[in-house]
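Coordinates in review
Here is how the chains run, residue by residue.
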Amino acid sequence: MLKDRKVVLGVTGGIAAYKAAELVRELVRRGAKVRVVMTDHACKFIAPLTFETLSGNPVASDLFRAPGNFEIAHIALAEFAELVVIAPATANIIGRMAAGLADDLLTTVLLATEAPVLICPAMNAKMYSNPVVQENLARLVSRGHAVLEPGYGELACRAEGEGRLAEPVEIAEEIESILTTKDLRGEHILITTGPTQEPFDPVRFISNYSSGKMGYALAVMARRRGATVTLVSGPTALPAPRGVEFVPVQTAVEMRDAVTTHLEEATVVIKAAAVADYRPAVCEPVKIKKKEGSLTVRLERNPDIISEIAQRKGDRILVGFSMESDHLIEHARSKLMEKGMDFIVANDVTEPGAGFRGDTNVVRILDREGGVEAFPLMDKIDVAGVILDRVRKIRKNGRILDGR
Ligand code: PMT
């Protein structure tokens, strides 16, 4: 997380400067300490007061007038920064950075800092695709700077194309990723999440309340920590996380097939999906019409995906979830032992703040040696963190259940 991490945000002169205000809010919401540096052109698009109010810090823009009690503004800001992000980054700042110019406060900070630099371009699509801009970006990347590509869509000049500033939440996520220690590098983590939908005619299905949030949080956290991530997801309302291989599925059988296809490269499998245990035996090709009396839908068993994986486990770390509404530890322990997992994450959906849909969860981690570790109510992103810590611990100890 960004708690107390020090970020310098450079805002340059483009219409997307207004989105930088939203970025400051997002960074502050995540606990970061933000200092904003604006170019003269940026001040024509948005007032420094906006950033001062949102960041709670003075805004710097003049190379020769230090804000607050900074002695030499560009050196103080360069040393303060754990990361410098330029958002929006115009073609002009990209060119000046590539040329190594230092003719205003922002460019001098950039030359003086040893912190990583993230560039978030935003400009007209033709300007962005201009070979000069692309060459300059390539040069900056070769010097170790990170670039978050702009999105595709309608631009301020009414044209459509690639050039829209990445969304503030995406930029904040990229900052989190750059600032997170890469302790899972080398792992390929296959995560399943969301509900499955089991149709019985073209307009109806059996499903459950899973939102996918728990598994998406795992994917985001694993990627931040340097793992390669494949996310197999049942239908959810969430956008696919950036930087992960995303495999959408609908039914349990599709999920089983996707997991089987991607199992080979995986070193860790985490099954957070709420898979329907049963599916309608028949899916009618046309909508079932309403009639007098009741309707019976015959159900048959779905494959138990995690048990199937356990047969091919090898030296992969296999993590399951247990979703219960009674006898949490008892049921979770029998699933842990019967389904051949290395550990299981148990949650009780009747506990306030736990389980389906919300942004929080309350979990216990059970291991094969009989240990139970209980955690308080936490955000799902932090729950993801403790699960991945456990994965790392098992990898370090080499105590993996032999699945051969
Ligand atoms: O998605 P959210 O709204 O964020 O909610 C999160 C969650 C409550 C769905 C999540 O925390 C959770 O508990 N996921 C597992 C739900 C579940 O199906 O539990 P289970 O006890 O029924 O299954 C045990 C394990 O076997 C699970 O890892 C499950 O993925 C797996 N399973 C179950 C059935 C099946 N046919 N195949 C499986 O692989």
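Residues numbered from 1 in each chain as written. Predicted model: local features only at pLDDT ≥ 70, side-chain atom pairs only at ≥ 80, totals over all residues. Heavy atoms only, no water.

**Regarding the pairing of strand β19 (residues 364-367)**
The side chains of a regular strand alternate between the sheet's two faces. Applicable threshold: Burial here depends on accessible area, computed with a 1.4 Å probe over protein chains only, as a share of the maximum for the residue type. Under 20% is buried, over 50% is exposed, and the range in between is partly exposed. In DSSP terms, a helix is any run of H or I states spanning at least four residues, a strand is any run of E spanning at least two, and both are numbered starting from the N terminus. Think of it this way: DSSP has to see at least two bridges between two strands before they count as a pair.
The two faces of β19 match: Arg-364 and Leu-366 on one face and Ile-365 and Asp-367 on the other face are all buried. Note: strand β17 (residues 343-348) against β19, 4 bridges, orientation antiparallel. In the strand pairing of β19, Val-345 is matched with Ile-365. Pairing of β19 with strand β20 (residues 372-374) involves 3 bridges; the strand directions are antiparallel. Bridged to Ile-365 within β20 is Glu-373. From the end of β19 to the start of β20, which pair antiparallel, there are 4 residues, and Gly-370 there has a positive phi angle of about 100 degrees.

**With respect to the sheet that holds strand β1 (residues 6-11)**
Applicable threshold: We call two residues in contact whenever any of their non-hydrogen atoms come within 4.5 Å of each other. Helix axes use the C-alpha atoms of the stretch in contact, all axes being lines fitted to C-alpha atoms, and the angles between their N-to-C directions lie in the range 0 to 180 degrees.
Sheet architecture is open: 5 strands sit in the order β2-β1-β3-β4-β5, paired in parallel fashion. Every interior strand has two partners, whereas the edge strands, β2 (33-38) and β5 (146-147), have only one. Relative to strand β3 (residues 83-89), β1 runs parallel, the two sharing 4 bridges. Across the sheet, the residue bridging to Leu-9 is Val-85, located in β3. Relative to β1, helix α1 (residues 17-29) is tilted by about 175 degrees, and along the sheet it contacts β1, β2 and β3. Most of the contacts of helix α9 (residues 168-179) go to β3, to which it runs at about 155 degrees, and overall it touches β1, β3, β4 (117-121) and β5.

**A word on the pattern of salt bridges**
Basically, it comes down to this: By definition here, a salt bridge exists when the distance from a side-chain nitrogen of Lys or Arg to a carboxyl oxygen of Asp or Glu is within 4 Å.
One pass over the full model with this rule turns up 32 salt bridges. In this structure, Arg-96 and Asp-103 form a salt bridge, with 2.8 Å as the shortest nitrogen-oxygen distance. The salt bridge partner of Asp-389 is Arg-225, with a shortest N-O separation of 2.8 Å. A residue pair is termed long-range when its members are at least 10 positions apart, and Asp-389 in helix α14 (residues 380-397) and Arg-225 in the loop between α10 (213-224) and β11 (228-233) qualify at 164 residues. For Asp-389, a relative accessible area of 41% puts it in the partly exposed group. Each member of the salt-bridge network shares a partner with another, and the members are Glu-26, Arg-29, Arg-30, Glu-173, Glu-176 and Arg-224.

**Re the site of the ligand**
Rule in force here: Nearness here has a simple test: a residue counts as near a molecule or strand if at least one of its heavy atoms is within 4 Å of that partner. In the analysis that follows, any N or O atom pair within 3.5 Å is treated as a polar contact, provided that within protein one partner can donate a hydrogen and the other can accept it, and provided that, for residues neighboring in sequence, both atoms belong to side chains. A 1.4 Å probe and the Shrake-Rupley method give the accessible areas. Residues count as covered only by the protein chains that appear here. Side-chain classes follow a simple rule in which Ala, Val, Leu, Ile, Met, Phe, Trp, Tyr, Cys and Pro form the nonpolar group, Asp, Glu, Lys and Arg form the charged group, and the remainder, Gly included, forms the polar group.
Around the ligand sit 28 residues, and of these Ser-210, Ser-211, Lys-335, Asn-347 and Arg-357 come closest. Here an oxygen atom of the ligand and a backbone polar atom of Lys-213 are 3.3 Å apart. In this structure, Gly-355 approaches the ligand through a main-chain N or O atom, which is 3.5 Å from an oxygen atom. Contact with the protein chains removes 97% of the 770 Å² of surface that the ligand exposes when unbound. Looking at the shell around the ligand, the elements with two or more residues in it are α10, α12 (305-311) and β16 (317-324). Element by element, the count of residues in the shell around the ligand is highest for β16, at 5 residues. Here the residues of the shell around the ligand are counted per class, giving 11 nonpolar, 8 polar and 9 charged.

**Details of the domain arrangement of the chain**
Here is the rule: An automatic or database domain assignment supplies the start and end points of every domain. Buried area is calculated as the accessible area (1.4 Å probe) missing from two parts once they are joined, with the contributions of both summed.
Each domain of the chain was delimited in the assignment, giving domain 1 (6-179) and domain 2 (188-397). Counting residues at the interface gives 8 residues for domain 1 and 4 residues for domain 2. The contact between domain 1 and domain 2 buries some 590 Å² in all, and 32% of this surface belongs to carbon and sulfur atoms. Linking domain 1 with domain 2 are 5 salt bridges, by the criterion used here. Across the domain 1-domain 2 interface, the total number found is 4 residue pairs in polar contact (both at pLDDT 80 or more).

**A closer look at the nonpolar core**
For clarity, the cut-off: Working definition of a nonpolar core: buried Ala, Val, Leu, Ile, Met, Phe, Trp, Tyr and Cys residues. They are joined through side-chain atoms within 4.5 Å.
Ile-189, Leu-218, Ile-270 and Ile-387 are the most contacted members of the largest nonpolar core, which has 35 residues in total. For this core, the secondary structure elements donating two or more residues are β8 (188-193), α10, β11, β13 (268-271), β16, β17 and α14. Apart from the residues within four sequence positions on either side, Ile-387 is in contact with Met-214, Leu-218, Ile-270, Val-319, Phe-321, Phe-343, Val-345 and Ile-365. Counting 32 residues, the second largest nonpolar core, distinct from the first, contains Leu-2, Val-11, Ala-17 and Ala-20.

**A few points about α10**
Counted only if it meets this: How far a helix is expected to stretch is found by multiplying one less than its residue total by 1.5 Å.
Along its 12 residues, α10 runs 16 Å from first to last C-alpha, staying within 8% of the 16 Å computed at 1.5 Å per residue. Burial within α10 is extensive, with 11 of its 12 residues counted as buried. Residues Met-214, Gly-215, Tyr-216, Ala-217, Leu-218, Ala-219, Val-220, Met-221, Ala-222, Arg-223 and Arg-224 constitute the buried set of α10. In the stretch just after α10, Gly-226 is the one whose phi turns positive, near 95 degrees.

**Some remarks on the sheet that holds β11**
If you walk across this open sheet you meet the 8 strands as β12-β11-β8-β13-β16-β17-β19-β20, and the pairing is mixed. Bordering the open sheet on either side are β12 (245-248) and β20, each of which pairs with just one other strand. Geometrically, the sheet is characterised by an average inter-axis angle of 15 degrees between neighbouring strands, direction not taken into account. Taken strand by strand, α10 contacts β8, β11, β12, β13 and β16, and its axis lies near 165 degrees from that of β11.

**Side note on the packing of aromatic side chains**
What counts, and what does not: The pairing test for Phe, Tyr and Trp rings, Trp by its six-membered ring, is centres within 6.5 Å, and the orientation test on the planes gives stacked under 30 degrees, edge-to-face over 60, and tilted for anything in between. Criterion for a charge above a ring: Lys NZ or Arg CZ within 6 Å of the ring centre, and within 35 degrees of the ring normal.
Inspection of the entire model under this criterion finds 2 aromatic pairs. Consider the rings of Tyr-209 and Phe-356, whose centres lie 6.1 Å apart with planes at 70 degrees: the pair is edge-to-face. Here Tyr-209 is found in the loop between β10 (204-206) and α10, whereas its partner Phe-356 is found in the loop between β17 and β18 (360-361), with 147 residues between them in sequence. The aromatic ring of Tyr-278 is capped on one face by Arg-301, whose charged end is 5.7 Å from the ring centroid. Positioned above the aromatic ring of Phe-343 is the side chain of Arg-390, whose terminal nitrogen or guanidinium carbon lies 6.0 Å from the ring centre.

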